[in-house]
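Reading the structure
Chain by chain, the residues run as shown.
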Amino acid sequence: MKRHVLLLALVLFVVGVFGIRFGLNGQSRIALAQEKGAKVENMKLPEPKYDGEVSVERALLERRSIREYKEDSLTLTEVSQILWAAQGITDPKTGHRTAPSAMATYLINVYVLPGKVIGLPMGLYQYQPTHHELAKMADGDMKSKLFEAAGQQPIKNAPAALIITGLTAKSKSPNWFYLEAGHAAQNVYLQGVSLNIGTVVMAGFKPEDVKKALNLPADETVIYVMPLGKKK
Ligand SMILES: Cc1cc2nc3c(=O)[nH]c(=O)nc-3n(C[C@H](O)[C@H](O)[C@H](O)COP(=O)(O)O)c2cc1C
């Protein structure tokens, strides 16, 4: 029994040292755990809807940057729909998504940081388009950490926030992931109109500060923060 405890302590120590040494974070943490056969707990999201009440024209007409939200919680179904709009798979055969991508290489990640989302505890989750799931990256009130790092009030008041990052190592051009983030963000705005959810794209912060505060993967660059909340 004692030997087991010692062995476990040794394993934890080695993993901890290697984690710090090689800057294991975000995606690499997930990949490493999967390689070792460990179960990475992914949360299946509610199926998105493919029909709504609001026409594309109406959504374009009503799209506005919204920085004040009702105190109401969002639901997991609403967050699921927003994530699908940002990067959901629309053609399972090719893996093509709701937003275009340079050479279909898919150069962005979308994260959600719930504060008050019914059915989704606080934390930092990476959206996984392939199976329309969330991979948990961190526990606790990560949205407050985001607010401390990015410093814009709507993040604090919103019941949830998204972060869109660019996959720098995967991109053949240093601009492509920024362009992809723009497409995804516009989808979020338009889907928001149909769900009566307000949002605003924010880039007025130091990307490195946000990345550090949330321990985001080393090969990603933070592009946009988008608070989400019911319109007043
Ligand atoms: C690249 C970019 C960065 C932006 N950064 C911020 C920001 O940091 N904070 C903010 O409140 N709004 C930000 N915005 C939102 C703009 O202020 C907003 O789009 C503009 O005022 C026009 O308003 P509308 O979106 O309602 O049409 C940003 C928009 C873009 C395109």
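Before going into details, it helps to say that this report is about the structure given with it. (Residues numbered from 1 in each chain as written. Predicted model: local features only at pLDDT ≥ 70, side-chain atom pairs only at ≥ 80, totals over all residues. Heavy atoms only, no water.)

1. Remarks on the packing of helix 5 (residues 142-150) against helix 8 (residues 207-214)
- Between helix 5 and helix 8, whose axes approach to 9 Å, the crossing angle comes to 150 degrees. In terms of orientation, helix 5 lies roughly antiparallel with respect to helix 8. Here the hand of the crossing between helix 5 and helix 8 comes out right-handed. Residue-level inspection shows Met142, Lys145, Leu146, Ala149 and Ala150 of helix 5 in contact with helix 8, the latter providing Asp209, Val210, Ala213 and Leu214.
- Grouping the amino acids of the contact of helix 5 with helix 8 by side-chain chemistry returns seven nonpolar, no polar and two charged. (Axes fitted to C-alpha atoms, helices over the stretch in contact; angles between N-to-C directions. Helix = DSSP H or I, 4+ residues; strand = E, 2+ residues; numbered from the N terminus. Parallel < 35°, antiparallel > 145°, perpendicular 65-115°, else oblique. Left-handed = near helix turned anticlockwise from the far one by under 90°. Contact = heavy atoms within 4.5 Å. Nonpolar A, V, L, I, M, F, W, Y, C, P; charged D, E, K, R; others polar.)

2. Some thoughts on empty space enclosed by the protein
- Under the criterion given, the structure shown has one cavity of 30 Å³ or more.
- Taken as a whole, the largest cavity encloses approximately 50 Å³ of empty space.
- Glu62, Arg63, Arg64, Ile66, Tyr189, Gly192, Val193, Ile197, Gly198, Thr199 and Lys231 together form the lining of the largest cavity.
- Taken together, the elements giving at least two residues each to the lining of the largest cavity come down to helix 7 (176-195) and strand 10 (197-199).
- The class makeup of the residues in the lining of the largest cavity is four nonpolar, three polar and four charged. (1 Å grid on protein atoms, 1.4 Å probe; cavity = no way out; pocket = protein on both sides within 12 Å on 5 of 7 lines; lining within 4 Å. Points joined across faces, edges and corners; volume = space filled by probe spheres on them.)

3. Section: the layout of surface pockets
- Quantified by volume, the largest pocket comes out at close to 580 Å³.
- Lining the largest pocket are 20 residues, with Gly52, Gln81, Trp84, Gln191 and Ser194 positioned closest to its centre.
- If you list the elements that add at least two residues to the lining of the largest pocket, you get helix 3 (56-62), helix 4 (76-87) and helix 7.
- Partitioned by chemical class, the residues of the lining of the largest pocket number eight nonpolar, eight polar and four charged.

Function cannot be inferred from these measures alone, as they are strictly geometric.
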